[in-house]
Amino acid sequence: MFIKHIGNKKGFTLVETLIYIAFMVIFSGLVVQSLLVLTNGFYTLRAQRALNHSANTAIERILRETRNAYGIDYANSNFHIPPHKLVLLKKDLATGTNTTIEFSVNSAGELIVKEGGVDKGVLVGNGVQVVALSVIVLSNTILTVQVSLRLYSPETGTSVVQGIVALRGQSH
């Protein structure tokens, strides 16, 4: 560009070199900033996807089990104050006996599933906490309930999922 010819020597002046260095520093800073924004967006998107996946998996399982149940054990269920718990009465298809399935939220915010009193594991993924599990009985004629889950992730905030289902299982 601005090459000065001093005798037989060719090269850049000190001012030109400083301008190139300043340009490279600014350009490098913009590239690093762009990469940080993209990385942050990726982690937020991944956390939102994990929250949505946990919410959908949990509500689908609760609704499926509620649909297949023949009743709710109101004496052992707790919908209003922590720890939240839903105990469903259902028929075990393998043995033909009546049993229970329990969905409960522990103090760590995990949604625990128990079938027949046996712990079957956690329904929500790592980094996601269940804040509330609520059940509202909409009709007693045909037992219909609304199930709501409020989940929380530090990266994405709170998400609420809900569904309405009629119990249609058989007790005998």
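The structure under discussion appears in the preceding block.
Conventions used here
- Residues numbered from 1 in each chain as written.
- Predicted model: local features only at pLDDT ≥ 70, side-chain atom pairs only at ≥ 80, totals over all residues.
- Heavy atoms only, no water.
- Salt bridge = Lys/Arg side-chain N within 4 Å of Asp/Glu carboxyl O.
- Helix = DSSP H or I, 4+ residues; strand = E, 2+ residues; numbered from the N terminus.
- Pairing = 2+ DSSP bridges.
- Contact = heavy atoms within 4.5 Å.
- Axes fitted to C-alpha atoms, helices over the stretch in contact; angles between N-to-C directions.
- Core = buried A, V, L, I, M, F, W, Y, C linked by side-chain atoms within 4.5 Å.
- Buried < 20%, exposed > 50% of the residue type's maximum accessible area, 1.4 Å probe, protein only.
- Phe/Tyr/Trp six-rings, centres within 6.5 Å; stacked < 30°, edge-to-face > 60°.

Q: Looking at this model, I keep getting lost on the pattern of salt bridges. Mind explaining?
A: Taken as a whole, this structure holds three salt bridges when the rule is applied. Here Arg 61 ties to Glu 65 by a salt bridge, and the two come within 3.2 Å at their closest N and O atoms. Residue Arg 61 and its partner Glu 65 are both found in helix 1 (residues 14-68); the two are separated by four residues, about one turn of the helix. If you follow the salt bridges from partner to partner, you end up with Arg 61, Glu 65, Lys 90 and Glu 115 in one network.

Q: Where do I start with the sheet that holds strand 5 (residues 118-122) in this structure?
A: The strands that make up a sheet pair up through hydrogen bonds in the backbone, lying either parallel or antiparallel. Taken together, five strands build an open sheet; the order of strands is 1-2-3-4-5 and the sheet is antiparallel. Each having just a single partner strand, strand 1 (71-72) and strand 5 make up the two edges of the open sheet. For strand 1 and strand 2 (residues 85-91), the ladder comprises two bridges, and the chain directions are antiparallel. Counted as the bridge partner of Ile 72 is Leu 88 from strand 2. Contacting strand 2, strand 3 (98-105) and strand 4 (111-115), helix 1 crosses the sheet at an angle of about 45° to strand 2.

Q: Help me understand the side chain of Ser 159, please; the structure alone is not making it clear to me.
A: With respect to the helices and strands, the residue Ser 159 is situated in strand 8 (residues 157-166). Those residues in contact with Ser 159 that sit more than four places away from it in its chain are Leu 51, Asn 52, Leu 149, Arg 150 and Leu 151.

Q: Please explain the nonpolar core as it appears in this structure.
A: Burial of nonpolar side chains together is a common tendency in soluble globular proteins. In terms of nonpolar packing, the biggest core is built from 30 residues, with Leu 86, Phe 103, Leu 111, Leu 133, Leu 149 and Leu 151 touching the most fellow members. Of all the elements in the fold, those that place two or more residues in this core are helix 1, strand 2, strand 3, strand 4, strand 6 (129-139), strand 7 (144-153) and strand 8. For this core, the element with the highest residue contribution is helix 1, accounting for six residues. Setting aside residues up to four positions removed in sequence, Leu 149 forms contacts with Ala 58, Ile 59, Ile 62, Leu 111, Val 130, Ala 132, Leu 133, Ser 159, Val 160 and Val 161.

Q: What exactly am I supposed to notice about the packing of aromatic side chains here?
A: Given two aromatic rings, their pairing is described by the distance between the two centres and the angle made by the two planes. By the definition in use, this model includes two aromatic pairs. For the ring pair Phe 23 and Phe 27, a centre distance of 6.4 Å and an interplane angle of 15° mean the geometry is stacked. Separated by four residues within a single helix, Phe 23 and Phe 27 lie in helix 1, roughly one turn from each other.

Q: Can you walk me through the environment of Gly 96 in this structure?
A: Mapping Gly 96 onto the fold places it in the loop between strand 2 and strand 3. For the pair formed by Gly 96 and Glu 60, sequence separation is 36 residues and the distance between their alpha carbons is 24 Å.

Q: Any chance you could explain the sheet that holds strand 8 here in plain terms?
A: Within the open sheet, the three strands sit side by side as 6-7-8. Their pairing is antiparallel. Since the sheet does not close on itself, it has two edges, and those belong to strand 6 and strand 8, each with one partner. Here the average twist between neighbouring strands, direction ignored, is 15°. Of the strand pairs in this sheet, strand 7 and strand 8 are connected by 10 bridges, and their pairing is antiparallel. The residue bridging Ser 153 from the neighbouring strand is Gly 157, located in strand 8.

Q: Would you explain the pairing of strand 6 in this entry?
A: Consecutive residues of a regular strand have side chains that alternate between opposite faces of the sheet. In this structure, strand 6 lies alongside strand 7, joined through nine bridges in antiparallel fashion. Bridge pairing in strand 7 places Val 137 opposite Val 145.

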